[in-house]
Amino acid sequence: DQLIEHLDEYLRYGVNALTVFYQGSSGGSLRAFSPDGREIEPAVQRRMERLIDAAAERKMLVVAGIFYQNQTARLDPENGAWLESREAYPRAVETVARSLRRYPNVIVNTCNEHTVRQFEACPFPMRTVEGIVELCRASKEGDPDRLVGGGGGHGAGQGGGETGINEQLVARPE
């Protein structure tokens, strides 16, 4: 609700888009999905829909992020993975895309900063071109008309993944 209260102020400064992640951000994390990725936690989805509706009323765009790299506690083998299997990750993306079908003011960002080391423990290959393309295709399964992408990152040499991975993604228009 606090974010919604500030949207008009954002507009006064010319800001007409915001990014909100299902799993939270560096400020806090949420268990957003059922272990199999087939369901979004109801409170998380209600929050996202309130934000999207409030943004739509103001003709603002929302970038709905799904997987966030700073939530390493749930990727840590000692604490268990966010989702129960490799297959659950694209399934969660498809679930999100399907849930957002009625919102024309949303872009889906499948994975934030996918090249960073925090994703090494993830059972899904987040740090690869093939993994990000698979997540984007899963989003298209859920909503064929949705604009979707993968979130880039710091790149190699700054805690990032493969050299040139972001350039490889841009070169693959699938």
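This section reports on the structure supplied with the text. (Residues numbered from 1 in each chain as written. Predicted model: local features only at pLDDT ≥ 70, side-chain atom pairs only at ≥ 80, totals over all residues. Heavy atoms only, no water.)

1. Notes on the overall build of the protein chain
Here is the rule we go by: Counting from the N terminus, the helices are DSSP H or I runs at least four residues long and the strands are E runs at least two residues long. Per-residue accessibility, obtained with a 1.4 Å probe over protein chains only, is compared with the maximum for each type, and a residue is labelled buried under 20%, exposed over 50%, and partly exposed between these values. Here, residues are in contact when the closest pair of their heavy atoms is within 4.5 Å. What sets the accessible areas is the Shrake-Rupley method with a 1.4 Å probe; for residues, cover comes only from the shown protein chains.
Scanning the protein chain from terminus to terminus reveals five helices and six strands. With 174 residues in all, the protein chain has 46% of them scored as buried. Pairs at least 24 apart in sequence give 74% of the contacts found in the protein chain among residues at least 6 apart. Carbon together with sulfur atoms contributes 46% to the accessible area of the protein chain, which is approximately 8,900 Å² in total.

2. Here we look at the packing of helix α3 (residues 88–99) against helix α4 (residues 129–142)
Rules: Axis definition: a line fitted to C-alpha atoms, over the contacting stretch in the case of helices. Angles run 0 to 180 degrees between N-to-C directions. If an angle is under 35 degrees, it is roughly parallel; if it is over 145, roughly antiparallel; if it lies from 65 to 115, roughly perpendicular; otherwise it is oblique. Whether a crossing is left-handed or right-handed is set by the direction in which the near helix is turned from the far one by less than a right angle, anticlockwise for left-handed and clockwise for right-handed.
The N-to-C vectors of α3 and α4 enclose an angle of 40°; their axes lie 7 Å apart at closest approach. With respect to α4, the element α3 is oriented oblique. Once α3 is placed against α4, the crossing between them reads as right-handed. In this structure, α3 uses Y89, P90, V93, E94, A97 and R98 to contact α4, whose residues at the interface are E134, L135, A138, S139, E141 and G142.

3. Some words on the pairing of strand β5 (residues 106–112)
Put simply, side chains in a regular strand alternate between the two faces of the sheet. Applicable threshold: Think of it this way: DSSP has to see at least two bridges between two strands before they count as a pair.
Most of β5 is tucked away: six of the seven residues are buried. With five bridges joining them, strand β4 (residues 61–67) and β5 adopt parallel strand pairing. Within β5, the residue paired with G65 across the bridge is N109.

4. Points about helix α2 (residues 42–57)
Worth spelling out the cut-off: Between the first and last residue of a helix there are one fewer steps than residues, each counted as 1.5 Å, and that sum is the expected span.
Counted at 1.5 Å a residue, the expected span for α2 with its 16 residues is 22 Å, and the 22 Å between its end C-alpha atoms agrees. Among the residues of α2, those classed as buried are V44, Q45, M48, L51, I52, A54 and A55. Residues of α2 that are buried make contact with α1 (2–12), β1 (17–21), β4, α3 and β5.

5. Side note on the nonpolar core
Generally speaking, soluble globular proteins have nonpolar side chains that are buried together. The line we're drawing: What we call a nonpolar core is a set of buried Ala, Val, Leu, Ile, Met, Phe, Trp, Tyr and Cys residues that are connected through their side-chain atoms within 4.5 Å.
In this structure, Y22, F33, F67, L100 and M126 are the most contacted members of the largest nonpolar core, which totals 41 residues. Contributions of two or more residues to this core are made by α1, β1, α2, β4, α3, β5 and α4. Among the elements that take part in this core, α2 stands out by supplying six residues, more than any other. Leaving out residues up to four positions away in the same chain, M126 has contacts with F67, Y89, C111, H114, F119, I132 and L135.

6. Quick look at unusual backbone geometry
Backbone geometry at K59 places phi at a positive 60°, although glycine is not the residue there. By the secondary structure assignment, K59 is in the loop between α2 and β4. Given the relative accessible area of 75%, K59 is considered exposed.

7. Remarks on the packing of aromatic side chains
Note the following rule: Stacked, tilted and edge-to-face are the three classes applied to pairs of Phe, Tyr and Trp rings, where Trp contributes its six-membered ring and a pair requires centres within 6.5 Å; stacked means planes under 30 degrees apart, edge-to-face means over 60, and tilted covers the rest.
Summed over all chains, the structure comprises four aromatic pairs. Between the aromatic rings of Y22 and F33, the centroid separation amounts to 6.1 Å while the plane-to-plane angle is 25°, which identifies the pairing as stacked. With Y22 in the loop between β1 and β2 (24–25) and F33 in the loop between β3 (28–29) and α2, this residue pair connects regions lying eleven residues apart in the sequence. F33 shares its class with Y22; the two are buried. Taking 6.1 Å as the distance between ring centres and 25° as the angle between the ring planes, the aromatic pair formed by Y89 and F124 counts as stacked. Separated by 35 residues along the polypeptide, Y89 in helix α3 and F124 in the loop between β5 and α4 bring together distant segments of the chain. Like Y89, the residue F124 is buried in the burial classification.

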